[in-house]
Amino acid sequence: MNYGLHAVKTITRRRVLETLITPGFYIAASAGLFFGYILVAGFTGSIDSGGLTFSLNPVYSQISKILSSIFGNSFVEKLFSHGPFRFAFLVALLPVFCYLSSSSVYKFGFEKNVGALELLNYGPSNSFSFSLAFLLKDLFFSASFSLLLVIFFSISAFLNNFIIGSDFFIFVVMIFFLVVGVLSYGILSVSLTDNAASSLALFFGLLMFFSVVQIGSYAVTGEYVGNLSSAVSWVVRWFSPVFYWTVGIRAAEYGNVPLQLLSISLLIVLSVALLFMSRIALFVRGMR
Amino acid sequence: MTGQGCARRMKLKISALFLFGITILLFSLQELRADIPKKSEQLVYKILAFNGKDYSHTFCREDAGTIYLLAHCDNFITIRKTFVYFWPITGQWNTDFETLNEVMDGYIEIKEKNRLKVINIKKVKYTFFNIRGEYENQWKVLTDGEAYRELEKWKKMYYSYIAEVEKYREEYEAYRKRFNELLKVANNLRKRGKNITDILQQIDSLKQPDEPVQPLYYNVPPVPVEEAYILNLPVGEFEVRFILPDGKVLEGSEKRVVSFEKRRGRGIGFDIIPGDKWTRPVQNTVLSSIIYINGKTDIFIRPFFENEYNDLYYNRLIRNDSTGNIHAYSWKRIQQVPGSTVEITYKDGRRELIREGQFVVEQAKGSSLGYTIVPYDPKGEHAGVLPNLIAFHIPKEPGEKSVELKLLDTEQRVIKNSEREMRVINRERFRLISASFIFIPILSMFIVLGLRRRRYYQ
């Protein structure tokens, strides 16, 4: 086997084990499932004799108000037209995603800063295999938790007589590729900064920036804010995994499979480009 | 410090405090004034725009840069000076045409964005009306002579109907009078013990006059002839401005026009009317969405045609100062589906055809609240009462957790985009089983950490 690949595999296995023996992931997973449960239970509580009535449930009443004020009523209507699962999945994944990405970025940054990697570099591994292992570890846990969520929602759907449509599974696949893109930015953030705190700040700053620009260009705002947001978005979107994800989701909504596949491909291309950039950055800046 | 100085200082402090208090009070009083909106004189585009189902009024004020119109439809525009004000209670801009309504004379100059060709649009006299039909295309617009002729035709129809009603009233009055006279005679004869067969025959032979039928040709009769600039544009962006009779551009008249069309048409939406809340129907507009219900009552549904439009454009077509999402599309109701049948398919494969029915809401007798919805019986107990509800009745089927419904047209073909699934949710079964899932990761954590600890101590 290629030494580099073997190094990636070994470090990934090591990282996975490290995550498994610390309580953080379990707590984040439980928090995610709790949010998922609240959202599905709240949705059932919002169903009246004539259909979905958000005002019946305080959680959904607030959620629908907030989402409607940002994205408009038609967005909310479509989001929940098949059930609560797409929204619940997104919310439930957030704690785990935040935990995984922040712990990886922080740990990678910290280890880089204290020179703990110096030893590894004498072996077959290099900075790239080390960063790739972080990414693979996060993807492994994201995929595992996504699978757990799919099982949880499928059981909830069966018990409540809801339907989990094909659009939900497409949504899950799209989320996975979004996570790949976002985590690649995490690796790049570590490569570009000197310490763990600044890596974390840069990563979440970038994530916030992409999300705000995408939401801003999609939100119901005044003409000025809308135009400004759209102009910024037009420049930024080519680097934004959130943009490609949104394109894929909208393509799936109207059954445009080629566009959906294209958006997935572009997310992969973006991730590869980011990893390549981080490799160059690590090579140029050096890694202790 | 002397006592006098101290007292003076104290007085000064009290005076300062008093002044401060008065100032605060005055500022507070300012907030208590009546909220009279400030009106400003503005040049506005008054718009009578076709919205897919009928015509709606809006206006484009000076600060608003864009007019939104449906493509390939006649829209009526006039340019006026009027007072515009913001009404904070509704958060909307309004006009005060009663105080100032100065119609500008000239013509509209319009050109497609980034194109050179300019089209001049002159003011015309117009009317519009709606004739009975199946879908949205029954709106007609006529101009100049034709407009007057159509209006005359309508007036003729209307006056003829009025004359028929007048004649009917007279005939009915005569009929009633004659009927009462004969009844009186019959009573008198009976009291005197005489034969009344002839009189009864005469009463039977009396014919009640037929009530005249209202002219059914128009859904909406022609509106009185008015003058406006008719904009019928293809899809695209246009630049519009107003040219005065002296050839100068009217200042502040430059606007952008967005002409858009529906993205998808002939969708089918449903009004879901629960039997226990019949005045609060829930709209289901998203195609192939699932209708989740709690299954506690019968359901009445009313299907309607719908078109899908850009959310922002459509909202601003209806009201130019409203908001919306430029990236989202929403289904808008056009009109009810006429002459359809609902086909219900149950899980076991049973099929049932449901026809549209008329229903009456009967209040519960006595002091208790509540009502029941019963089929309308015009010749029996509901004689003289109009039905409250015209809809398809889907009765509650105990044990049925899911039904598929679709709409059939008059020839029993499935109407495209009308398929829906209706599901009854099980609320109670969910809680405990699902909640137990939350603890799986925590339990796993304890197991993993326990095993590790055991291994460590070994």
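Here, every reference points to the structure presented above.
Residues numbered from 1 in each chain as written. Chains lettered and ligands numbered in written order. Predicted model: local features only at pLDDT ≥ 70, side-chain atom pairs only at ≥ 80, totals over all residues. Heavy atoms only, no water.

1. Structural notes on the pairing of strand β15 (residues 264-274) of chain B
Residue and element names in this part refer to chain B.
No. 1: By the criterion of burial, β15 is predominantly enclosed, with 8 of the 11 residues buried.
No. 2: Summarising the sheet, β15 and strand β18 (residues 299-310) pair through 9 bridges and their orientation is antiparallel. Looking across to β18, one finds that Ile 268 is bridged to Phe 305.
No. 3: Judged from the 3 bridges that link them, β15 and strand β16 (residues 282-284) form a sheet pairing that is antiparallel. Within β16, the position partnered with Phe 270 by the bridge is Asn 284. (Buried < 20%, exposed > 50% of the residue type's maximum accessible area, 1.4 Å probe, protein only. Helix = DSSP H or I, 4+ residues; strand = E, 2+ residues; numbered from the N terminus. Pairing = 2+ DSSP bridges.)

2. Some remarks on the pattern of salt bridges
Proximity of charged atoms lets side chains of opposite charge pair with each other.
No. 1: This model, assessed by the stated rule, comprises 33 salt bridges over all chains.
No. 2: The salt bridge partner of Lys 39 of chain B is Asp 96 of chain B, with a shortest N-O separation of 2.9 Å. Linking Lys 39 of chain B in the loop between α1 (3-31) and β1 (40-50) with Asp 96 of chain B in strand β5 (residues 92-96), this pair joins segments that are 57 residues apart in sequence.
No. 3: When salt bridges that share partners are traced, they join Arg 15, Glu 18, Lys 107 and Glu 111 of chain A into one network. (Salt bridge = Lys/Arg side-chain N within 4 Å of Asp/Glu carboxyl O.)

3. What about the nonpolar core?
No. 1: Core analysis: the biggest nonpolar cluster contains 84 residues, and Phe 80, Phe 89, Phe 153 and Phe 162 of chain A have the highest contact counts within it.
No. 2: No other element matches helix α7 (residues 166-192) of chain A, which puts 15 residues into this core.
No. 3: If near-sequence neighbours (up to four positions away) are discounted, Phe 80 of chain A is found in contact with Phe 43, Leu 52, Phe 54, Tyr 60, Ile 63, Leu 67 and Phe 87 of chain A.
No. 4: Judged by nonpolar contacts, the second largest core, of 65 residues, contains Phe 270, Ile 272, Ile 301 and Val 342 of chain B. (Core = buried A, V, L, I, M, F, W, Y, C linked by side-chain atoms within 4.5 Å. Contact = heavy atoms within 4.5 Å.)

4. Topic: the side chain of Asn 57 of chain A
Residues and elements named next belong to chain A.
No. 1: Relative to the helices and strands, Asn 57 resides in the loop between β2 (51-52) and α3 (58-71).
No. 2: Under the relative-accessibility criterion, Asn 57 is labelled buried at 13%.
No. 3: Not counting residues up to four positions away in its chain, the partners in contact with Asn 57 are Gly 42, Gly 45 and Ser 46.

5. What about the interface of chain B and chain A?
No. 1: Chain B puts 50 residues into the contact, and the matching count from chain A is 44 residues.
No. 2: Buried surface at the junction of chain B and chain A, both sides included, amounts to about 4400 Å², of which 58% is carbon and sulfur.
No. 3: Where chain B packs against chain A, one counts 2 salt bridges.
No. 4: In this structure, Glu 308 of chain B and Lys 78 of chain A form a salt bridge, with 3.4 Å as the shortest nitrogen-oxygen distance.
No. 5: On the surface where chain B and chain A come into contact, there are 18 residue pairs in polar contact (both at pLDDT 80 or more).
No. 6: At 7 residues, helix α6 (residues 439-457) of chain B tops the list of elements feeding residues into the side of chain B that touches chain A.
No. 7: Here the residues of the side of chain B that touches chain A sort into 22 nonpolar, 14 polar and 14 charged. (Buried area = accessible area lost by both parts, 1.4 Å probe. Polar contact = N/O pair within 3.5 Å; in protein donor to acceptor, adjacent residues only side chain to side chain. Nonpolar A, V, L, I, M, F, W, Y, C, P; charged D, E, K, R; others polar.)

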